[in-house]
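# Overview (structure and organization)
Here's the letter readout for the chains.
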Amino acid sequence: MTSSRIRGSSSTPPAHGSAPAPAAAWRPSFSPWLVAVSVMLATFMEVLDTSVANVSLPHIAGSLSATTDEATWVLTSYLVANAIVLPATAWLGRRFGRKRFLLVCIGIFTLASVLSGAALSLGMLIAARVLQGAGGGALQPIAQAVLLESFPPHKRGQAMAMYGLGIVVAPILGPTLGGWITDNFSWRWIFYINVPIGMAAIMMGRKYIEDPPYIKNAARTAIDYIGFGLMAIWLGCQEIVFDKGQEADWFSSGYIVALIVVAVICLLGFILWETSIKNPIVHLGVLRDRNFCMGTVLITLVGAVLYGTTALLPLLLQTVMGYPATQSGLAVSPRGLGSIASMLIVGRLVGRVDARILIGGGFIALGLSTLWFGQINASVSMVSIIMPNILTGFALGFIFVPLTTLTTATLPQEEIGNATGIYNLMRNIGGSVGISGLDTLLERGRQAHQMYLVQHLTVDSPRLQQTLPALQGFLSTQLGAAQAHGAAAYALIYQILQQQSGIMSYIDDFRKMAILCALCLPVTLLFRPPKEGGAKGQVMVH
């Protein structure tokens, strides 16, 4: 691939194919840290809302006279709308002005939060969540693009450390915060708390955020209706398949098969259309950059592990080990402490240490933490859950910050907005695949282990013949009647069998994630380190 130079210090016109000099030299009028706080307020709020409602679903269902299955559309509707807007963010920012578009999105998100909290029916709540997801979809890629553009290259690692705190910590705090608010106040307040944060984000955004020259001077192109329509149908069908597939038994369900067919057709049509027109809504050509392509692959896998473990652990603690909802959330929350610690460290190391080494070390630590989770049993203490969680958070910091920095290091500055939309979309898709895939493997594994264990509980099994009389004798002192304690003994044995098959299935899932982390290591070697040479601000782009 041909190399071109971005000369931030040159006053001569750039050669054909080079990024414009003003774009490379542009810096915001205010301190980049004020800009960072402005965009991260809204981003943290939006990412938190992807998981804060999870633990409140039973309360929402009961309050609005709906079943728990129907209430899951509160989550699905948000994710569908969010996914559709994500990759179109760069185009919408160029079309309407990125600052104006960002402020409108924050306003929509905040208003939708009020409507969600005030919903009188499930249909009203789902409609409000669709609006909330549409408003929130742009916040992540815009925040990432603004941070990368506002900070000079040698400080982008610190900027990504701050961004990473919001992206990694918010999904972990979401279930804990949602459970605490629901238990102590009402599920409606998980949406109302967004109002003061949204208002603060709007005020700071109006004052400190500004559009760079290549956004202000961008030519307004015609709306790519066909591309947007194909993308919306593809992503909408895909999110519904991932969310409802296991519940509907995947290919045994006619509507799931139909959605998969429609999603595949629309995806292929979207790719063909976007690569053949002059002004596509998503510039897929950015994937020709090797670093960005490899980074997109890895962030998809990171999303699968991050969201997958975040979904698995509370289920394990509540359904198998008997933890209450709030306590299970607290057991997962220390992952945020590990992330904070690692991001404070890695933000200073990026630029001094080869980013590939940092990413590789992060994947090794992440693999070890998932193997650590694979050592669980029914009698482990809270410490045995907290410690691998802290290591997981620490590992994610060492992956996320250098990965984001290296992925965008060889891109022209005006391509960063488009790239961050695709990058964040793939992380979310990875999360959907991870949650859905692990849930499916968990259920299938539970059934397989249960069938295996049942073979050792036959009537003539020596272990059963030894255990049953002792158990019946113990229960007789508790229940009194012989018939009652006989039935109770068999019921208790079956309950233990189910618990053990569940634990074994969880262990299998954690070990599979460790293998996935190991497979990521060779991919890190495919990154090309950014080359700097000549005058300051001169970056080689491949």
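Please refer to the structure placed before this passage.
Residues numbered from 1 in each chain as written. Predicted model: local features only at pLDDT ≥ 70, side-chain atom pairs only at ≥ 80, totals over all residues. Heavy atoms only, no water.

Turning our attention to the overall build of the protein chain. When helices and strands are counted, the protein chain shows 23 helices and three strands. Per-residue burial for the protein chain yields a buried fraction of 52% across its 542 residues. Long-range pairs, those at least 24 residues apart, make up 82% of the contacts in the protein chain with a sequence separation of at least 6. (Helix = DSSP H or I, 4+ residues; strand = E, 2+ residues; numbered from the N terminus. Buried < 20%, exposed > 50% of the residue type's maximum accessible area, 1.4 Å probe, protein only. Contact = heavy atoms within 4.5 Å.)

Attention now moves to helix 18 (residues 334-349). Compared with an ideal rise of 1.5 Å per residue, which puts 16 residues at 22 Å, helix 18 spans 23 Å between its outermost C-alpha atoms and is within 8% of the ideal. The first or second residue beyond helix 18 is G351, which carries a positive phi of 100°. (Expected span 1.5 Å × (residues − 1).)

A few words now on the packing of helix 16 (residues 290-320) against helix 20 (residues 383-407). At a closest axis distance of 10 Å, the pairing of helix 16 and helix 20 adopts a crossing angle of 160°. The pairing of helix 16 with helix 20 is recorded here as roughly antiparallel in orientation. Crossing hand, helix 16 versus helix 20: left-handed. Here N291, F292, G295, L298, I299, V302, L306, L313 and L317 of helix 16 come into contact with helix 20, specifically with I385, N389, L396, I399, F400, L403, L406 and T407. Here the residues of the contact of helix 16 with helix 20 sort into 13 nonpolar, four polar and no charged. (Axes fitted to C-alpha atoms, helices over the stretch in contact; angles between N-to-C directions. Parallel < 35°, antiparallel > 145°, perpendicular 65-115°, else oblique. Left-handed = near helix turned anticlockwise from the far one by under 90°. Nonpolar A, V, L, I, M, F, W, Y, C, P; charged D, E, K, R; others polar.)

Right, let's talk about a nonpolar patch on the surface for a bit. Residues L111, L115, L120, M124 and L131 make up a contiguous nonpolar surface patch of about 460 Å² in total accessible area. Counting only elements with at least two residues in the nonpolar patch, the list comes to helix 7 (98-117) and helix 8 (122-136). Mapping L120 onto the fold places it in the loop between helix 7 and helix 8. Note on L120: relative accessible area 73%, which makes it exposed. (Patch = residues over 30% accessible without salt bridge, like charges linked within 9 Å, V, L, I, M, F, W, Y side chains within 5 Å. Areas by Shrake-Rupley, 256 points an atom, 1.4 Å probe, with all protein chains shown as cover. Salt bridge = Lys/Arg side-chain N within 4 Å of Asp/Glu carboxyl O.)

Moving on to the pattern of salt bridges. Overall, the coordinates contain three salt bridges when judged by the stated rule. Residue R356 pairs with D354 through a salt bridge whose shortest N-O separation is 2.9 Å. The exposure class of R356 is partly exposed, given its relative accessible area of 24%. The class of D354 is partly exposed, set by a relative accessible area of 31%. Across the pair E443 and R446 runs a salt bridge, and its minimum N-O distance is 3.4 Å. One end of the pair, E443, and the other, R446, are both in helix 21 (residues 416-454), three residues apart, so they sit about a helical turn from each other.

Turning next to the environment of L92. By secondary structure assignment, the location of L92 is in helix 6 (residues 89-96). Spatially, the C-alpha atom of L92 lies 9.1 Å from that of A138, the residues being 46 residues apart in sequence. Not counting residues within four places of it along the chain, the set of residues in contact with L92 comprises G97 and F101.

Core analysis: the biggest nonpolar cluster contains 108 residues, and L147, L403 and F510 have the highest contact counts within it. With 13 residues, the top contributor of residues to this core is helix 16. The contacts of L147, once residues within four sequence positions are left out, are A36, V39, M40, A159, M160 and Y163. (Core = buried A, V, L, I, M, F, W, Y, C linked by side-chain atoms within 4.5 Å.)

Here we come to the environment of P171. Within the element layout of this structure, P171 appears in helix 10 (residues 156-184). Once the C-alpha coordinates of P171 and T310 are considered, the two residues, 139 residues apart in sequence, prove to be 7.7 Å apart. Setting aside residues no more than four positions away along its own chain, P171 makes contact with V47, S51, G166, Y307 and T310.

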